[in-house]
Amino acid sequence: MVVEHVSIQKSASPGLASPGETITFSVNIQVSEFAESNNFQIEDAIPDGYTYIGNFTSSLPGVTATPTVNGDGSTTLDINMTAGGNVPGGAPQITLTYQASIDQVFNNAAPILASDSLTNSISSQYDLTAGALSCQEGSSATVDIRPVAITKEIVNPQASYQPGETVTYRLTMTIPSGDTRNIVFTDFFPLPVFDATTIDSVNFGPGFDVRLSPLDNAGLTPINMTTSGATNSLTINWPDLSTAVTQTISVDIDVDISTDAKPARINSPSL
């Protein structure tokens with residue numbers, strides 16, 4: 001067990017968000033009844049990727065918060081806990097709150113991507129009227145950028161299929177952040193029901209085996225498409241995506257049931 005003069009916990013809400021959303025940070029502080037402080041400073045290092053909004057509140061009267069935007073895109077928030085007088089020992093839990101928004105891009109213009117993490121750290125230093133000097137305590141909170149969501153479905157489902165019939169699969173990726181890189185769809189088809197090498201991997205668009213579905217709003221054209229007989233798969237390589245809104249990449253893929261296959265119920269092959 002560790003006994004501390006001051007204990008600090010930092011949290012962020014929501015903990016899962018997208019660029020453009022507002023995050024509320026909370027700092028909870030507990031002070032020992034034997035730890036009256038006459039010099040209590042907190043420094044919050046708000047990283048690049050956030051824009052400090054403010055809306056600072058404190059349950060302890062007189063506390064001040066001064067933001068400084070740094071050249072690297074980060075913001076330093078200096079909080080003076082003793083601006084209104086000493087922090088008394090044994091005081092009820094002190095709660096600070098303030099807000100920042102998640103940017104679309106970092107300071108170097110690189111986009112904030114799905115599944116990125118933004119960690120916000122605080123450090124404190126305080127003196128006690130009983131004589132202890134330069135005591136330290138810290139905490140941190142992380143906000144994760146919403147990851148992509150991937151789904152696969154059969155567009156023309158039926159109870160059973162005959163050899164030579166066409167099955168249309170729809171692959172959909174939703175990108176809440178609107179930004180992601182190195183996007184690759186690899187779709188594996190089961191043998192002997194399908195032969196992936198029969199899919200037209202040269203032409204893309206309406207009237208061809210692979211085309212954008214009605215769910216798509218990104219409007220991308222693949223960099224390239226390839227099929228593999230070894231893995232019985234189709235691979236689609238997409239350009240990077242960088243926008244300020246949620247984007248959906250969705251394609252429909254036509255594949256014929258092999259003439260070697262027996263009539264069967266078709267489940268979605270893996271993506």
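This one's a predicted model, so the numbers in the text were calculated from it and none came from an experiment.

A. Structural view of the packing of aromatic side chains. Applying the stated criterion across every chain yields a total of 10 aromatic pairs. Measuring from centroid to centroid gives 5.9 Å for F189 and F194, while their planes differ by 70°, and the two rings are edge-to-face. The exposure class assigned to F189 is buried, which follows from its relative accessible area of 5%. With relative accessibility at 0%, the residue F194 sits in the buried group. Aromatic ring contacts, followed pair by pair, group F25, Y50, Y52, F56 and Y98 into a single cluster. Over the ring of F189 we find K152, and its NZ or CZ is 5.2 Å from the ring centre.

B. Looking closely at the nonpolar core. Residues I29, F40, I42, Y50, M81, L96 and I102 are the most contacted members of the largest nonpolar core, which totals 33 residues. At the level of elements, strand 1 (6-13), strand 3 (22-31), strand 4 (37-46), strand 5 (50-58), strand 7 (75-80), strand 8 (94-102), strand 9 (117-128) and strand 10 (135-145) are the ones that each hand at least two residues to this core. Residues contacting F40, with those up to four places away along its chain left out, are V6, I8, I29, I79, N80, M81, T82, V87, S124, Q125 and Y126. In this structure, F194, A218, M225 and W238 belong to the second largest nonpolar core, which totals 28 residues.

C. Fine view of the sheet that holds strand 15 (residues 210-212). Within the open sheet, the 4 strands sit side by side as 11-12-19-15. Their pairing is antiparallel. Each edge of the open sheet carries a strand with a single partner, namely strand 11 (149-154) and strand 15. Taken pair by pair, the neighbouring strands of this sheet meet at an average axis angle of 20°, ignoring direction. Relative to strand 19 (residues 247-256), strand 12 (residues 166-175) runs antiparallel, the two sharing 10 bridges. Its bridge partner lying in strand 19, V167 is registered against V255.

D. The arrangement of the sheet that holds strand 2 (residues 16-17) in detail. Overall, mixed pairing links the 6 strands, which are arranged 2-10-9-4-7-6 in an open sheet. Two strands bound the open sheet, and with one partner strand each, they are strand 2 and strand 6 (64-69).

E. The pattern of salt bridges, seen in detail. Scanning the entire structure with this criterion turns up 5 salt bridges. Between D187 and K152 there is a salt bridge whose closest N-O contact spans 2.3 Å. Of this pair, D187 sits in strand 14 (residues 184-188) while K152 is found in strand 11, placing the two residues 35 residues apart along the sequence. Salt-bridge contacts for D254 lead to R211; the nearest nitrogen and oxygen are separated by 3.1 Å. Taken as a pair, D254 in strand 19 and R211 in strand 15 lie far apart in primary sequence, 43 residues in all. Overall, R211 belongs to the buried group, its relative accessible area being 18%.

Calculation criteria
Residues numbered from 1 in each chain as written. Predicted model: local features only at pLDDT ≥ 70, side-chain atom pairs only at ≥ 80, totals over all residues. Heavy atoms only, no water. Phe/Tyr/Trp six-rings, centres within 6.5 Å; stacked < 30°, edge-to-face > 60°. Buried < 20%, exposed > 50% of the residue type's maximum accessible area, 1.4 Å probe, protein only. Lys NZ or Arg CZ within 6 Å of the ring centre and 35° of its normal. Core = buried A, V, L, I, M, F, W, Y, C linked by side-chain atoms within 4.5 Å. Helix = DSSP H or I, 4+ residues; strand = E, 2+ residues; numbered from the N terminus. Contact = heavy atoms within 4.5 Å. Pairing = 2+ DSSP bridges. Axes fitted to C-alpha atoms, helices over the stretch in contact; angles between N-to-C directions. Salt bridge = Lys/Arg side-chain N within 4 Å of Asp/Glu carboxyl O.

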